[in-house]
Amino acid sequence: MLTAKAIGLELEYKPINLLKGEHLTPEFVKMNPQHTIPTLVDGEAIIYDSHAICAYLVEKYGKDDKLYPKDLLQRAQVDARLHFDSGHLFARLRFLYEPILYYGSTDCSIDKIAYIQKCWEIMEGFLKDHPYVCGDELTIADFCCVATITSVNDVAPIDEFKFPKVLTWLKRMAELPYYKDTNEEGAEELKRIFKEKLAENRGAK
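Please read all numbers here as calculations on a predicted model, not as lab measurements.

Describing the nonpolar core
Formed by 55 residues in total, the largest nonpolar core has its most connected members in Trp120, Met123, Ile140, Phe143, Trp169 and Met173. Listed by contribution, the elements that provide at least two residues to this core are helix H1 (2–6), helix H3 (50–61), helix H4 (72–103), helix H5 (110–126), helix H6 (140–149), helix H7 (164–174) and helix H8 (179–204). Here this core spans two domains, and each of domain 1 (2–61) and domain 2 (72–204) adds at least three residues to it. Those residues in contact with Ile140 that lie beyond four places of it in its chain are Thr3, Cys54, Ala55, Val58, Leu67, Tyr68, Val78 and Leu82.

Written out as structure tokens, the structure is:
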């Protein structure tokens, strides 16, 4: 959603309720065997995984390549950050969130939280000398990383003294004119649902 707004592309949205299992219907699984969201339908093309969707949108509909550079070295750096998001940031969020949201777990342990927080040190390194995660220009890597981090930063707080660059970057991202509608509201909703589900699970025990 951030990427689409950044390139001036209007999307038609169809909400999928994961908690109600709407991603597991035969129709959805046929379209996307991974049964994940988001899933993009663009004419005859069906693309899933948010990182792949972001790259596709910029390549096909972007007016330039700033968000996903064609230069091989620059693109490799963006790709590396996208893999960092999927392999570290989101993977650790999922490690904490999924058992609680879907399987009645009450495990929100210090160890799981600390495992997420280890990523903040790496992010601080990415942002040490530059305003964005891949340098001086905003890219889809910023969009993907910020979407994950803002979905878990209440549960795994970011220390303002240890990671000032990360917090400055989050503020910079929040200043984007389309940020509130496309990211903030959804991130806050996920954090609220997580807290409610954890409390519900603990009450059931």
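Remarks on the UniProt feature "domain: GST C-terminal" (unreviewed entry) in the protein
UniProt feature "domain: GST C-terminal" (unreviewed entry): in the numbering of this structure it lies at residues 71–194. Measuring from the first to the last C-alpha atom of residues 71–194 gives 40 Å, for a span that is 69% helix and 0% strand.

What to know about the packing of aromatic side chains
According to the stated counting rule, one finds five aromatic pairs in the structure shown. Relative to Phe194, the ring of Tyr97 has its centre 4.1 Å away and its plane inclined at 15°; by these criteria the two rings are stacked. Of this pair, Tyr97 sits in helix H4 while Phe194 sits in helix H8, and the two are 97 residues apart along the sequence. With 6.3 Å between their ring centres and 55° between their planes, Tyr102 and Tyr103 make a pair best called tilted. By relative accessible area, which is 35% here, Tyr102 ends up partly exposed. For Arg92, the ring lying beneath its charged end belongs to Tyr115, and the centroid distance is 3.9 Å. If you follow Lys112 out to its NZ or CZ, it ends over the ring of Phe95, 4.7 Å from the centre.

A look at the domain arrangement of the protein
On domain assignment, one finds that the protein holds domain 1 (2–61) and domain 2 (72–204). Measuring from the centre of the C-alpha atoms in domain 1 to the corresponding centre in domain 2 gives 20 Å. Taken together, both faces of the contact between domain 1 and domain 2 bury some 1200 Å²; the carbon and sulfur share is 76%. Per-residue buried area on domain 1 facing domain 2 is highest for Leu2, Leu19 and His51; these three make up 56% of the total on that side. At the surface where domain 1 touches domain 2, the tally comes to one salt bridge. One salt bridge in this structure joins Glu59 and Arg75, with 2.5 Å as the shortest N-O distance. If you look at where domain 1 meets domain 2, you find two residue pairs in polar contact (both at pLDDT 80 or more). For the side of domain 1 that touches domain 2, the elements supplying multiple residues, two or more each, are H1 and H3. At five residues, H3 tops the list of elements feeding residues into the side of domain 1 that touches domain 2. When the residues that make up the side of domain 1 that touches domain 2 are grouped by side-chain class, the tally is seven nonpolar, two polar and two charged.

Reading the values: the criteria
- Residues numbered from 1 in each chain as written.
- Predicted model: local features only at pLDDT ≥ 70, side-chain atom pairs only at ≥ 80, totals over all residues.
- Heavy atoms only, no water.
- Core = buried A, V, L, I, M, F, W, Y, C linked by side-chain atoms within 4.5 Å.
- Buried < 20%, exposed > 50% of the residue type's maximum accessible area, 1.4 Å probe, protein only.
- Helix = DSSP H or I, 4+ residues; strand = E, 2+ residues; numbered from the N terminus.
- Domains from an automatic or database assignment.
- Contact = heavy atoms within 4.5 Å.
- UniProt positions renumbered as here; feature names shortened; annotations may be inferred.
- Phe/Tyr/Trp six-rings, centres within 6.5 Å; stacked < 30°, edge-to-face > 60°.
- Lys NZ or Arg CZ within 6 Å of the ring centre and 35° of its normal.
- Buried area = accessible area lost by both parts, 1.4 Å probe.
- Salt bridge = Lys/Arg side-chain N within 4 Å of Asp/Glu carboxyl O.
- Polar contact = N/O pair within 3.5 Å; in protein donor to acceptor, adjacent residues only side chain to side chain.
- Nonpolar A, V, L, I, M, F, W, Y, C, P; charged D, E, K, R; others polar.

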